[in-house]
Amino acid sequence: MALDKVLYTAHATSTGGREGTSKTNDGALEVRLSTPKELGGAGGPGTNPEQLFAAGYSACFIGAMKAVGPKLKIQVPADASIAAEVGIGPIPTGFGIQATLNISLPGMDRETAQKLVQAAHQVCPYSNATRGNIDVTLNIV
């Protein structure tokens, strides 16, 4: 789906694949990449694309909850957190990923939390990008 209007564009350059580096054009992020042992790598000190995706999705989803909360008259707790899990494994055409978001909303009753999470899942850009493409599980913990 094409966007009607682009509000922001992130720029990052990666070299060397899973054993290389990635950095943003503004210098705010520069990371070393290492392949996990589970994927046949050395498990070096760097991060990997799955970890970066987990960090991005969880941060974005909290932002989505904060965006929809006021519309639903729901206050997102200041200590809300999401522990994201991104798994990678073989599929018939190569490799695929799946994501689980373990969402902690301290002090919020389950029904309200469910309403907030479902609304956020409709507006979060990561949720919209993955919907119908990968399995995403939303757990309220």
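The preceding data block contains the structure.
Residues numbered from 1 in each chain as written. Predicted model: local features only at pLDDT ≥ 70, side-chain atom pairs only at ≥ 80, totals over all residues. Heavy atoms only, no water.

Lay out the overall build of the protein in plain terms, naming residues and giving numbers.
Broken down by element type, the protein carries three helices and six strands. Going from N to C terminus, the protein has its helices and strands arranged as β-β-β-α-β-β-α-α-β. Dimensions along the principal axes, computed over C-alpha positions, put the protein at roughly 45 × 35 × 30 Å. Split into buried and exposed, the 141 residues of the protein put 33% on the buried side. (Helix = DSSP H or I, 4+ residues; strand = E, 2+ residues; numbered from the N terminus. Buried < 20%, exposed > 50% of the residue type's maximum accessible area, 1.4 Å probe, protein only.)

Account for the pairing of strand β1 (residues 12–15), naming residues and giving values.
Note that β1 and strand β2 (residues 21–24) share four bridges and pair antiparallel. Its bridge partner lying in β2, threonine 13 is registered against lysine 23. Connecting β1 to the next strand, β2, in antiparallel fashion are five residues, including glycine 16 with a positive phi near 80°. (Pairing = 2+ DSSP bridges.)

An account of helix α2 (residues 110–123) is requested, with residue identities and associated values reported.
With 14 residues, α2 extends 20 Å between its outermost C-alpha atoms, agreeing within 8% with the 20 Å of an ideal straight helix rising 1.5 Å per residue. Of all the residues in α2, the buried ones are Ala113, Leu116, Val117, Ala119, Ala120 and His121. Where the residues of α2 are buried, they touch α1 (49–72), β5 (94–104), α3 (125–130) and β6 (136–140). Capping of α2 at its N-terminal end is provided by aspartate 109; its side-chain oxygen lies 3.2 Å from the backbone amide nitrogen of glutamate 111. (Expected span 1.5 Å × (residues − 1). Contact = heavy atoms within 4.5 Å. Polar contact = N/O pair within 3.5 Å; in protein donor to acceptor, adjacent residues only side chain to side chain.)

How would you summarise α1 if you had to cite specific residues and measurements?
With 24 residues, α1 extends 34 Å between its outermost C-alpha atoms, agreeing within 8% with the 34 Å of an ideal straight helix rising 1.5 Å per residue. Looking at α1, one finds that the buried residues are Glu50, Ala54, Gly56, Tyr57, Ser58, Phe61, Ile62, Ala64, Met65, Val68 and Gly69. Close packing links the buried residues of α1 with β4 (81–91), β5, α2, α3 and β6. Measuring from the side-chain oxygen of the N-cap residue of α1 to the backbone nitrogen of glutamate 50 gives 3.0 Å; that N-cap residue is asparagine 48.

So what's going on with a nonpolar patch on the surface? Which residues, and what values?
A cluster of nonpolar side chains, Leu39, Ile88 and Phe95, forms an exposed patch at the surface whose accessible area comes to about 270 Å². Inspection of the secondary structure puts isoleucine 88 in strand β4. (Patch = residues over 30% accessible without salt bridge, like charges linked within 9 Å, V, L, I, M, F, W, Y side chains within 5 Å. Areas by Shrake-Rupley, 256 points an atom, 1.4 Å probe, with all protein chains shown as cover. Salt bridge = Lys/Arg side-chain N within 4 Å of Asp/Glu carboxyl O.)

Any details on the sheet that holds β4? Residues and values, ideally.
A sheet is described by the order of its strands in space; here three strands give the open sequence β4-β5-β6, paired in mixed fashion. A strand with exactly one partner marks an edge of an open sheet, and here the two such strands are β4 and β6. This sheet shows a mean twist of 15° between the axes of neighbouring strands, independent of strand direction. The pairing of β4 with β5 spans 11 bridges and is antiparallel. Considered in β5, the bridge of proline 90 is made with phenylalanine 95. Contacting β4, β5 and β6, α1 runs over the sheet at an angle of about 140° to β4. Sheet contacts for α2: β5 and β6; angle to β6, the most-contacted strand, approximately 155°. (Axes fitted to C-alpha atoms, helices over the stretch in contact; angles between N-to-C directions.)

Go over the sheet that holds β2 with me, naming the residues and quoting the values.
Here three strands make up an open sheet; going across it, the order is β1-β2-β3 and the pairing antiparallel. The open sheet has two edge strands with one neighbour each: β1 and β3 (30–32). In this sheet, adjacent strand axes meet at a mean angle of 10° when their direction is disregarded. Both β2 and β3 contribute to a ladder of three bridges, which runs antiparallel. Note on β3: the bridge partner recorded for serine 22 is valine 31.

Shape is all these values report; function is a separate question.
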